[in-house]
Amino acid sequence: MFFFFFLRALPKVAQYMADVLEDSRDKVQENLLANGVDLVTYITRFQWDMAKYPIKQSLKNISEIISKQATQIDNDLKARASAYNNLKGNLQNLERKNAGSLLTRSLADIVKKEDFVLDSEYLITMLVVVPKTGYTDWQKTYETLAEMVVPRSTKLLFEDNDSGLFSVTLFRKAVDDFKHKARENKFTVRDFQYNEEEMKADKEEMTRLSTDKKKQFGPLVRWLKVNFSEAFIAWIHIKALRVFVESVLRYGLPVNFQAMLLQPNKKNMKKLREVLYDLYKHLDSSAAIIDASMDIPGLNLSQQEYYPYVYYKIDCNLLDFKV
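Residues numbered from 1 in each chain as written. Predicted model: local features only at pLDDT ≥ 70, side-chain atom pairs only at ≥ 80, totals over all residues. Heavy atoms only, no water.

Naming follows an unreviewed UniProt entry, where the protein chain appears as V-type proton ATPase subunit C of Salarias fasciatus. Word for word, the UniProt comment on the protein chain under Sequence similarities (unreviewed entry) is "Belongs to the V-ATPase C subunit family." (UniProt positions renumbered as here; feature names shortened; annotations may be inferred.)

Q: Mind showing me how you'd approach the layout of surface pockets here?
A: Left-over empty space is what a probe sized like a water molecule reveals as it rolls over the atoms. A volume near 1900 Å³ is recorded for the largest pocket. What lines the largest pocket is a set of 45 residues, and nearest its centre among them are Met260, Leu261, Leu262, Tyr312 and Ile314. Of all the secondary-structure elements, those providing two or more residues to the lining of the largest pocket are helix H3 (39-44), helix H4 (59-97), helix H7 (196-251) and helix H8 (269-280). In terms of residues, the lining of the largest pocket owes the most to one element, H7, which gives 8 residues. In the lining of the largest pocket, the residues fall into 31 nonpolar, 9 polar and 5 charged. (1 Å grid on protein atoms, 1.4 Å probe; cavity = no way out; pocket = protein on both sides within 12 Å on 5 of 7 lines; lining within 4 Å. Points joined across faces, edges and corners; volume = space filled by probe spheres on them. Helix = DSSP H or I, 4+ residues; strand = E, 2+ residues; numbered from the N terminus. Nonpolar A, V, L, I, M, F, W, Y, C, P; charged D, E, K, R; others polar.)

Q: Honestly, the pattern of salt bridges in this entry has me stumped. Any pointers?
A: Oppositely charged side chains are able to pair whenever their charged atoms sit close together. In the structure shown here, the tally under the stated rule is 11 salt bridges. Among the ionic contacts, a cluster of salt bridges with common partners joins Lys12, Asp74 and Lys78. (Salt bridge = Lys/Arg side-chain N within 4 Å of Asp/Glu carboxyl O.)

Q: I keep staring at the packing of H4 against H7 and nothing clicks. Help me out?
A: Working note: a packed helix pair is described by the angle between its axes plus the distance between those axes. Where H4 meets H7, the closest approach of the two axes is 8 Å, and the angle between their N-to-C directions is 155 degrees. As far as their axial angle goes, H7 and H4 are roughly antiparallel. Judged by the twist between their axes, the crossing of H4 over H7 is left-handed. Tallied by class, residues from the contact of H4 with H7 come to 21 nonpolar, 5 polar and 10 charged. (Axes fitted to C-alpha atoms, helices over the stretch in contact; angles between N-to-C directions. Parallel < 35°, antiparallel > 145°, perpendicular 65-115°, else oblique. Left-handed = near helix turned anticlockwise from the far one by under 90°.)

Q: Sorry, what's going on with the domain arrangement of the protein chain here?
A: Size of an interface, as often reported, equals the accessible area lost when the parts are brought together. Splitting the protein chain by domain gives domain 1 (1-95 + 210-259) and domain 2 (113-193). A straight line from the C-alpha centre of domain 1 to that of domain 2 covers 59 Å. (Domains from an automatic or database assignment.)

Q: So what exactly am I meant to see when it comes to unusual backbone geometry here?
A: Both trends apply: most residues other than glycine have a negative phi, and most peptide bonds are in trans. Pro254 follows Leu253 through a cis peptide bond whose omega is 0 degrees. Here Pro254 is to be found in the loop between H7 and H8. In this structure, Asp119 takes a positive phi of about 60 degrees despite not being glycine. For Asp119, the position within the fold is in the loop between H4 and strand E1 (123-131). Notably, Lys186 is not glycine yet its phi reads approximately 65 degrees, a positive angle. Looking at where Lys186 falls in the secondary structure, it is placed in the loop between helix H6 (175-184) and strand E4 (188-190).

Q: Just to check I follow, could you spell out the packing of aromatic side chains for this structure?
A: The geometry of an aromatic ring pair comes down to the distance between the two centres and the angle between the two planes. Per the stated rule, a full pass over the model turns up 16 aromatic pairs. Three or more aromatic residues joined by ring pairs form one cluster here, namely Tyr135, Trp138, Tyr142, Phe166, Phe178 and Phe187. A cation over a ring is seen here: Arg273 above Tyr311, with NZ or CZ 4.1 Å from the ring centre. (Phe/Tyr/Trp six-rings, centres within 6.5 Å; stacked < 30°, edge-to-face > 60°. Lys NZ or Arg CZ within 6 Å of the ring centre and 35° of its normal.)

Q: When you look at a nonpolar patch on the surface in this model, what are you seeing that I'm missing?
A: A surface patch of nonpolar side chains, amounting to about 570 Å² of accessible area, comprises Leu59, Phe244, Val245, Leu249, Leu253 and Val255. Residue contributions to the nonpolar patch peak at 3 residues, all from H7. Judged by its relative accessible area of 32%, Val245 is partly exposed. (Patch = residues over 30% accessible without salt bridge, like charges linked within 9 Å, V, L, I, M, F, W, Y side chains within 5 Å. Areas by Shrake-Rupley, 256 points an atom, 1.4 Å probe, with all protein chains shown as cover. Buried < 20%, exposed > 50% of the residue type's maximum accessible area, 1.4 Å probe, protein only.)

So this is what it looks like as structure tokens:
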């Protein structure tokens, strides 16, 4: 069970590192290290860690040590990712409110107090989004969209690529009629009330979330680096265990075999398989050379090809890892 835990944990930690380093994804591989070195270097210099996994203990005990470690990393990742994602999501929601079209975005950072008639019993200032192609029509018609619109009260406050935000002042009892006529003329009245306390609270909330995100970022990246390293190291120990156990099961006791690392390039893979088969076919005559890329009806190669020698693949490109 522990092997499958690490199959899940490794790519999840690696992928979450990429998610967290959203502005530096090219640096992700630089942070995916094992014992401070790149993954290939660690594998080629691999030595069994006697302190973490004492060989005097049984295989069952060693597997339980690794299983507990896997479970802890997986649970910690879920908790840390949930907390950071919630914080990040809340911040993005606020940022999204302050971006986009004038038809939907928050207007709090655009308007000023002096743009409004405030604390009036009879007058109110409305905000209207007008397409750029409709500026002339707006200037010609806004005073007649309803009765009791204050003449010459409109003012262009802001514009984006498509539209402009205009203010206009009118009597409160004309608001409904004004909205209806504006809609008929393809002018969009935004429902907005100037409230300094609410606007201040939103800005403070965004500042707080941004600050909290920065505070969590550094410790989270350090945790991901440390625990990716721990998970990868444990995974390679699992590979070593599997090679040992499978070799004993195949070739029996006393132990008389040697594990080797081979790193061929892709174009030499077929040739290497042929050479290895010729060297070791006498160990298991039932194992024939099978090209895993061939689709042979009725033959299921499952997850692991079978050869006359014990073979396990180690894929260091963990962002494309297939679980």
